[in-house]
Amino acid sequence: MYKKDFKRRLDKVFYPLAFFIAIIFFWLFFVNILHTPEYILPSPLQILNDLFSNFSIYLNHTSITFFEAIMGYLLANIIGFAIAVVFTYSKSFEKGLYPYAIALKTTPIIAIAPILIIWFGTGMLSKIITAAIICFFPILVNSVKGLSSIDESHLDLFKSFSANKFQIFTKLRLPNALPFIFSALKISAGLAVVGAIVGEFVGAKAGLGFLILTSSYYLDTTKMFTAVILSAILGMIIFYSVSFLEKRIVFWQKRRMH
């Protein structure tokens, strides 16, 4: 059992690392053989050199985008879950408000971002709200599904022991919904960074989106690639942090798999 567990963990590290090394070698080979200009496709070494040469600048922009993404992520998930609870206990609210949630989801975030800039300015608040809007729908849909899809026999058992609504919610509905909730949290991990960067594209004075936009004006492709890679790393940090919490909180899901 321990050998299987060790092999499974080793595979999780080995395969991504092997593919990463293969991509880097192919990238270097492609750039060197075709003598690709830096403004079209910089080499990994040029990107790495640029990152270390301007580390303090990138750290400042990355920390701003990370803060906007995290705050928008938390705001969306708290509000989305609260509304999902209301929908679970009130079908009238669900029927009345759900179409507007769908309308918000189907509206391109790039179309909403300029309005948010006008309303909330070019500071962090507009970026936080942009990130929150793009993260809102997954948590709402998954939470409603998780809180509503409980086994009727389990519900009858709780009622037979005179459990009140709060006890049913905390002991039955919420544990049942946690796998759905964490699935939504992982989906939203990358979306939060996307929302923050889209907001920075429309109007900002700092952040990775601002850096990408200004670099494109001067055809500084190396800086653009560095900023894009950093934004991807931010999404991965949020995703794997949520995955770590999921394994610790929804521990019974792992047991079922075995």
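Residues numbered from 1 in each chain as written. Predicted model: local features only at pLDDT ≥ 70, side-chain atom pairs only at ≥ 80, totals over all residues. Heavy atoms only, no water.

Colleague: Quick question: what am I supposed to make of the environment of Gly96 here?
Modeller: Take Gly96: it is sitting in helix H4 (residues 91–106). Since its relative accessible area comes to 36%, Gly96 is described here as partly exposed. Residues Gly96 and Phe161 lie 65 residues apart in sequence; the distance between their C-alpha atoms is 34 Å. (Helix = DSSP H or I, 4+ residues; strand = E, 2+ residues; numbered from the N terminus. Buried < 20%, exposed > 50% of the residue type's maximum accessible area, 1.4 Å probe, protein only.)

Colleague: Looking at this structure, I do not really get the nonpolar core. What am I missing?
Modeller: A general trend in soluble globular proteins is that nonpolar side chains are found buried together. Grouped together as the largest cluster of nonpolar side chains are 45 residues, with contacts concentrated most on Tyr73, Leu140 and Leu185. For this core, the elements supplying multiple residues, two or more each, are helix H3 (55–89), helix H5 (109–120), helix H6 (124–148), helix H8 (165–202), helix H9 (208–217) and helix H10 (221–249). A total of 13 residues in this core trace back to one element, the largest contributor, which is H8. Tyr73 has contacts with Cys135, Leu185, Lys186, Ser188, Ala189, Ala192, Ile238 and Val242, leaving out every residue within four places of it along the chain. One finds Ile150, Leu155, Ala163 and Ile168 within the second-largest nonpolar core, a separate group that totals five residues. (Core = buried A, V, L, I, M, F, W, Y, C linked by side-chain atoms within 4.5 Å. Contact = heavy atoms within 4.5 Å.)

Colleague: Help me understand the packing of helix H2 (residues 44–53) against H10 in this model?
Modeller: Two measures define how a pair of helices packs: the angle their axes make with one another and the distance between the axes. The interhelical angle for the contact between H2 and H10, taken along N-to-C directions, is 80 degrees, at an axis separation of 9 Å. Taken together, H2 and H10 sit at an angle that is classed as roughly perpendicular. Between H2 and H10, the contacting residues are Gln46, Ile47, Asp50 and Leu51 on the first element and Thr222, Lys223, Phe225, Thr226, Ile229 and Leu230 on the second. Each residue belonging to the contact of H2 with H10 can be placed in one class, and the counts come to five nonpolar, three polar and two charged. (Axes fitted to C-alpha atoms, helices over the stretch in contact; angles between N-to-C directions. Parallel < 35°, antiparallel > 145°, perpendicular 65-115°, else oblique. Nonpolar A, V, L, I, M, F, W, Y, C, P; charged D, E, K, R; others polar.)

Colleague: Please explain the environment of Ser126 as it appears in this structure.
Modeller: Here Ser126 is to be found in helix H6. Of the residues examined, Ser126 reaches a relative accessible area of 0% and is grouped as buried. Counting along the chain gives 76 residues from Ser126 to Asp50, while the straight-line C-alpha distance between them is 30 Å. Here Ser126 is in contact with Leu116, Ile117, Phe120 and Gly121, once residues within four sequence places are set aside. Among the polar contacts made by the side chain of Ser126, one reaches the main-chain carbonyl oxygen of Gly121 at a distance of 2.9 Å. (Polar contact = N/O pair within 3.5 Å; in protein donor to acceptor, adjacent residues only side chain to side chain.)

Colleague: Is there a simple way to think about H8 in this case?
Modeller: Within an α-helix, residues lying three or four positions from one another point in the same direction, as the helix has 3.6 residues per turn. With 38 residues, H8 ought to run about 56 Å at 1.5 Å a step, yet its terminal C-alpha atoms sit only 45 Å apart, falling short of that. Of all the bends in H8, the greatest, near 45 degrees, is centred on Leu174, and the proline Pro175 appears no more than four residues after it. Capping the start of H8 is the job of one residue whose side-chain oxygen sits 3.2 Å from the backbone nitrogen of Phe166: Asn164. (Expected span 1.5 Å × (residues − 1). Bend = angle between axes of the 7 residues up to and from the residue.)

Colleague: What should I look at first to understand the packing of aromatic side chains in this one?
Modeller: Geometrically, a pair of aromatic rings is defined through the distance of the ring centres and the angle of the planes. On inspection of all chains with the given rule, the structure shows seven aromatic pairs. Measuring from centroid to centroid gives 6.5 Å for Phe81 and Phe169, while their planes differ by 50 degrees, and the two rings are tilted. Of this pair, Phe81 sits in helix H3 while Phe169 sits in helix H8; the two residues are 88 residues apart in sequence, bridging distant segments of the chain. Taking the relative accessible area as the measure of exposure, Phe81 reaches 23% and is therefore partly exposed. Taken together, the aromatic side chains of Phe87, Tyr98 and Phe137 make up a single cluster linked through ring pairs. Sitting above the plane of the Tyr89 ring, Arg173 keeps its charged end 5.5 Å from the centroid. (Phe/Tyr/Trp six-rings, centres within 6.5 Å; stacked < 30°, edge-to-face > 60°. Lys NZ or Arg CZ within 6 Å of the ring centre and 35° of its normal.)

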